[in-house]
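The residues making up each chain are set out below.
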Amino acid sequence: MKIVLELIVLALVLKAQHINSAGVASLQPEAPKLLVADFVTFTCTMTNDSDPNDVMWSMTPDGSASKRNITTLTDRVDITSSGENSTSIQSVLTISQLAQHDSGNYTCDFNQTQMTSVLMVFKEPVAQISSSQSEALITIGQTIVLTCDTNYRESVKWSRDGRDLGSGSGRIVINSNVLTIVASNISDAGTYQCTVDMTSQLGLGDRKISSDSITFINNINLTITDDRLRREEGESIRIDCIANGYPLPTITWTKDNERLENSSVNGHFVVTEIIDDRKNEVISTLSLSPLTFEDHGSYRCNATDGHSSAEVKYELYIIDRMAAVWPFIGIMSEVIGLIIIILAVEKYQTGQLACK
């Protein structure tokens, strides 16, 4: 009888030790950061042959000191268990369709041991430039103010034509979600984009980025040096047409209303271009060599960018290389003619006198 009692006491002691050694080993994830409408899954892992039904889940909302029993909060909560027949028991808490008020501390409590994970729920990033237009015409000297309407002002980044503007410089002033262009000019034309990038706060994923853009355009400005050109036959000529505008203009050449392309016959005329993206400028050069009388005519440089166009006209005059000599030859011909006439008259008069 004594031995039986000792065995019972020993069994009770071992059971107590077993119960006391059971507890929470880990809680994952430790600090998830997610967006509204996402879901989160917490996994509470316990040691030994624990009963997952004994786990208590609680939640302390941000800004509150009182805990709440998670199972009473909402029907978006689901609690399951796994590993009952192994040495590692898990209680799994899943919350779907997250809202911002789900942010807070989530605690897994078992056998007087606790582990806590901090959940942060963010709104979906939104970025929209406060303009009803996707394109706008720049007015020289105007001050332009762009505001990026967003729920994350401090995460706004500005760029122009894909190049980061940083904190701004010169006439471009950036203050958080507001970009100001002071005394705008032609060089300020381009596509301005505001981007809200929450990747660093939330991790990777396209849903963490939102952006909007507006394009400032300016009408084409054509520059010429001389629109009346005179060259001698056999010489060469280069005619420059300089166009500024945004988007960058496309230039075509015509002669007497017929389009000119690079000549494949002896390279008689060639069209070349130099593009300066920084100045939104394109320089198109028409080269002709050697000049013939057939090159005489009206040449037009036409620039277009899809929303505006401009044109300049050049008149090319081809001069005979003997042109400077012809007046002298004409004078000499007249002089020689006069001399012949004079000599003929004198000879006639001399003959008349001899007959008398």
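See the structure shown above.
Residues numbered from 1 in each chain as written. Predicted model: local features only at pLDDT ≥ 70, side-chain atom pairs only at ≥ 80, totals over all residues. Heavy atoms only, no water.

Visitor: Mind showing me how you'd approach the overall build of the chain here?
Guide: A count of helices and strands for the chain gives three helices and 27 strands. Counting contacts in the chain only where the partners sit at least 6 residues apart, residues at least 24 apart contribute 62% of the total. If you sum the accessible surface of the chain, you get close to 21200 Å²; carbon and sulfur atoms cover 54% of it. (Helix = DSSP H or I, 4+ residues; strand = E, 2+ residues; numbered from the N terminus. Contact = heavy atoms within 4.5 Å. Areas by Shrake-Rupley, 256 points an atom, 1.4 Å probe, with all protein chains shown as cover.)

Visitor: In this structure, what is going on with the environment of Ser169? I would like to understand it.
Guide: The residue Ser169 is located in strand E15 (residues 168-169) in this model. Owing to a relative accessible area of 57%, Ser169 belongs among the exposed residues under this scheme. For the pair Ser169 and Ile181, spaced 12 residues apart in sequence, the C-alpha separation works out to 9.9 Å. (Buried < 20%, exposed > 50% of the residue type's maximum accessible area, 1.4 Å probe, protein only.)

Visitor: Quick question: what am I supposed to make of the environment of Leu165 here?
Guide: When you line up the elements, Leu165 lands in the loop between strand E14 (163-164) and E15. Leu165 sits 14 residues away from Leu179 along the chain, and the two C-alpha atoms are 9.9 Å apart.

Visitor: Mind showing me how you'd approach the sheet that holds strand E20 (residues 228-232) here?
Guide: Sheets are built from strands that pair by backbone hydrogen bonding, the pairs being arranged parallel or antiparallel. Read from one edge of the open sheet, five strands run E20-E27-E26-E22-E23, paired in mixed fashion. At either end of the open sheet lies a strand with only one pairing partner, and these are E20 and strand E23 (258-260). Recorded for the sheet is a direction-independent mean angle of 30° between the axes of neighbouring strands. (Pairing = 2+ DSSP bridges. Axes fitted to C-alpha atoms, helices over the stretch in contact; angles between N-to-C directions.)

Visitor: I tried to follow unusual backbone geometry on my own but got confused; where do I start?
Guide: For residues that are not glycine, phi is negative in most cases, and the peptide bond is trans in most cases. The amide bond that connects Tyr246 to the next residue, Pro247, takes the cis arrangement and shows omega of 0°. Cis peptide bonds are those with omega within 30 degrees of zero, and the linkage from Ser289 to Pro290 qualifies with -15°. Within the element layout of this structure, Pro290 appears in the loop between strand E25 (281-288) and strand E26 (297-304). With a phi angle near 50°, Asp161 is a residue other than glycine that sits in the positive phi range. Tracing the chain through its elements places Asp161 in the loop between strand E13 (156-160) and E14.

Visitor: I'm lost on the sheet that holds strand E16 (residues 172-175) in this one. Help?
Guide: Taken in spatial order, the five strands line up as E10-E12-E17-E16-E15 in an open sheet, and their pairing is antiparallel. The open sheet has two free edges, formed respectively by strand E10 (127-129) and E15, since each of these has just one partner strand. In this sheet, E16 lies alongside E15 in antiparallel orientation, the contact comprising two bridges. When the bridges of E16 are listed, Gly168 appears paired with Val173.

Visitor: What am I meant to see in the side chain of Ser184 here?
Guide: As for its position among the elements, Ser184 is in the loop between strand E17 (178-181) and strand E18 (190-197). Look past the residues within four positions of Ser184 in its chain and what remains in contact with it is Ile138, Thr139, Ile140, Gly141, Gln142, Ile144 and Arg171.

Visitor: It is not clear to me how the side chain of Asn244 should be interpreted in this structure. Could you clarify?
Guide: Looking at the element boundaries, Asn244 is found in strand E21 (residues 237-246). For Asn244, a relative accessible area of 12% corresponds to the buried category. For Asn244, the side chain forms a polar contact with the side chain of Glu281, separated by 3.3 Å. Among all residues touching Asn244, those that are not within four sequence positions of it are Asn218, Asn219, Ile220, Asn221, Pro249, Lys279, Asn280 and Glu281. (Polar contact = N/O pair within 3.5 Å; in protein donor to acceptor, adjacent residues only side chain to side chain.)

Visitor: Is there a simple way to explain the nonpolar core in this structure?
Guide: Looking at soluble globular proteins, one finds that nonpolar side chains tend to be buried together. Ranked by size, the top nonpolar core spans 26 residues in total, and within it Leu146, Trp158, Leu179, Tyr192, Cys194 and Phe216 carry the most contacts. Among the elements of the structure, E10, strand E12 (144-150), E13, E16, E17, E18 and strand E19 (209-223) are those that each provide at least two residues to this core. In contact with Cys194, not counting residues within four places along its chain, are Ala127, Ile129, Cys148, Val156, Lys157, Trp158, Ser210, Ser211 and Asp212. Ranked by size, the runner-up nonpolar core spans 23 residues in total, among them Phe269, Leu288, Leu291 and Ala310. (Core = buried A, V, L, I, M, F, W, Y, C linked by side-chain atoms within 4.5 Å.)

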